[in-house]
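# An overview of the molecular structure
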Amino acid sequence: MPKTNTIQTKPHYPILDGLRGVAAVIVVAFHIFEAHAASSYTQIINHGYLAVDFFFVLSGFVIGYAYDDRWGKLTIGGFFKRRLVRLQPMVVLGSIIGAACFYFGDSTMWPMIHTIPVWKMLVMMLIGFTLIPIPVSWDIRGWQEMHPLNGPAWSLFFEYLANIFYALGVRKLSKTALTILVIIAAGVLIQYSVTCSSGDLAGGWSLNGEQLRIGFTRLIYPFFAGLLLSRVVKPGQIKNAFLLSSVLIVIVFFMPRIGDAHTNWMNGLYESLSIILVFPLIVYIGASGTMEGVKENKICKFLGDISYPIYITHYAFIYIYTAWASDNHNASFELKWIYGVITFLVSISVGYLSLKYYDEPVRAWLKRKWQ
């Protein structure tokens, strides 16, 4: 019998699951509003892209909690199998949905789409199944994404890298060594955020030097800070933790851009300090929370279950909405609102249907066959 079968799944932190869902839903709304933003200064939910950094903190915490004390029974191969079973099925489906929606994005924003032959698009879909990033020269949309059929897959690419780093070496670091790594990473994060020309941490989705630097800067601190948090902090008992931590997430994401073109560093400092201080605090509160009744437990479970499917499938519909918005600048506010709400509801619905009729059955089958 495979060795991984002897390892029992630990109980989840239900509030952390719920918070992941809160952030994922906000991401969908952020991307819808982004289609109408004239600049980063007019963007509603201005810091919504920091959800990725929050996900990395959560992931590091959960990985440490779930696996740190299991390496006596768990092999590196077994660890990777478990992570692939958890993440890869939806990566594949996200690429398929992106391919199915690709040509609906043909617009003034992406005029090259109608020039892309079907065979080339299908090749990109197959590459997307693997999460192997494509070079900028292979772009088929015009945004230079490493995963042009499913933009958010870039963060899964970095998530996998973090898992590889953890399994191959970082898991063996002492608390002191891990603390030093996290402090250095925090310094790098602050340095980049206050000196970059954009004044924000948006980026990481292209296979070039600048974007890779952003991606690794956004990955290393939050993921390993979450891992360190799981090792050094013992959760307490905090009432109304889900409400409190959800409010903190909303405040961080919805905060208007700080400063102006001459004081970009202020916005960068806000974002880096949010990641360094506020996100670990939110995770601590969530991990320390007690469930306030059956209703809250159901809400957190629902949000946690749909969070990943929503995140990894929604952008196909954002592409379509953004294409429509680019071709209809003069559309009425009411029409933009109606199409935006439809896009939001479709994104949530597809995420839920993907969970129930694809992700859960496929993962159950893979666990029986592979683990």
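Residues numbered from 1 in each chain as written. Predicted model: local features only at pLDDT ≥ 70, side-chain atom pairs only at ≥ 80, totals over all residues. Heavy atoms only, no water.

This brings us to the side chain of H47. Note that H47 resides in the loop between α1 (14–34) and α2 (51–67). You can call H47 buried: its relative accessible area is 0%. Within the structure, H47 has its side chain in polar contact with the backbone oxygen of M255 (distance 3.0 Å). In this structure H47 touches V252, F253, M255, P256, R257, N267, Y270 and E271, once residues within four positions along its chain are discounted. (Helix = DSSP H or I, 4+ residues; strand = E, 2+ residues; numbered from the N terminus. Buried < 20%, exposed > 50% of the residue type's maximum accessible area, 1.4 Å probe, protein only. Polar contact = N/O pair within 3.5 Å; in protein donor to acceptor, adjacent residues only side chain to side chain. Contact = heavy atoms within 4.5 Å.)

Structurally, Q237 can be placed in the loop between α7 (209–232) and α8 (241–254). Along the chain, Q237 and T290 lie 53 residues apart, while their C-alpha atoms are 6.5 Å from each other. Excluding residues that lie within four positions of it along the chain, Q237 makes contacts with S288 and T290.

On to the packing of aromatic side chains. Taken as a whole, this structure holds 25 aromatic pairs when the rule is applied. An angle of 50° between the planes, with centres 4.9 Å apart, marks the rings of Y13 and Y65 as tilted. One end of the pair, Y13, is in the segment before α1; the other, Y65, is in helix α2, with 52 residues separating them in the sequence. Ring pairing ties together the aromatic residues Y67, W71, F79, F80 and Y166, which thus form one cluster. One cation-aromatic arrangement involves R141 over Y319; the distance from NZ or CZ to the ring centre is 3.4 Å. Seen from the ring of W71, R171 lies directly overhead, with NZ or CZ sitting 4.0 Å from the centre. (Phe/Tyr/Trp six-rings, centres within 6.5 Å; stacked < 30°, edge-to-face > 60°. Lys NZ or Arg CZ within 6 Å of the ring centre and 35° of its normal.)

A few words now on unusual backbone geometry. Even without being a glycine, I45 presents a positive backbone phi close to 55°. With respect to the helices and strands, the residue I45 is situated in the loop between α1 and α2. Even without being a glycine, L131 presents a positive backbone phi close to 70°. Residue position: L131 is located in the loop between α4 (118–130) and α5 (153–168).

Here we come to the pattern of salt bridges. Going through the model one piece at a time under the given rule, you end up with nine salt bridges. A salt bridge links R218 to D53; the nearest nitrogen and oxygen atoms lie 2.6 Å apart. Note that R218 is positioned in helix α7 and D53 in helix α2, a separation of 165 residues in sequence. Residue classification places R218 among the buried residues on the basis of a relative accessible area of 1%. (Salt bridge = Lys/Arg side-chain N within 4 Å of Asp/Glu carboxyl O.)

Our next topic: the layout of surface pockets. To find leftover empty space, a probe the size of one water molecule is rolled over the atoms. Considered as a void within the structure, the second largest pocket measures approximately 820 Å³ in volume. Around the second largest pocket sit 32 residues that line it, and F30, E34, W143, W205 and Y315 are the ones nearest its centre. Going through the elements one at a time, α1, α2 and α11 (315–327) are the ones with two or more residues in the lining of the second largest pocket. If one sorts the elements of the lining of the second largest pocket by residue count, α1 sits on top with four residues. Of the residues that constitute the lining of the second largest pocket, the class distribution is 17 nonpolar, 10 polar and five charged. (1 Å grid on protein atoms, 1.4 Å probe; cavity = no way out; pocket = protein on both sides within 12 Å on 5 of 7 lines; lining within 4 Å. Points joined across faces, edges and corners; volume = space filled by probe spheres on them. Nonpolar A, V, L, I, M, F, W, Y, C, P; charged D, E, K, R; others polar.)

On the surface, F333, L335, W337, I338, Y339, V341, I342, L345 and V346 cluster together into a nonpolar patch covering about 820 Å² of accessible area. With respect to the helices, strands and loops of the structure, L335 is situated in helix α12 (residues 333–370). On the accessibility criterion, L335 (32% relative accessible area) is partly exposed. (Patch = residues over 30% accessible without salt bridge, like charges linked within 9 Å, V, L, I, M, F, W, Y side chains within 5 Å. Areas by Shrake-Rupley, 256 points an atom, 1.4 Å probe, with all protein chains shown as cover.)

Take empty space enclosed by the protein next. Per the counting criterion, the structure on display carries one cavity of 30 Å³ or more. By volume, the largest cavity is sized at about 110 Å³. Around the largest cavity sit 14 residues that line it, and S95, M124, G128, H147 and N150 are the ones nearest its centre. Of all elements in the fold, only α3 (76–101) and α4 reach the threshold of two or more residues within the lining of the largest cavity. Of the residues forming the lining of the largest cavity, the biggest block, three residues, is contributed by α4.

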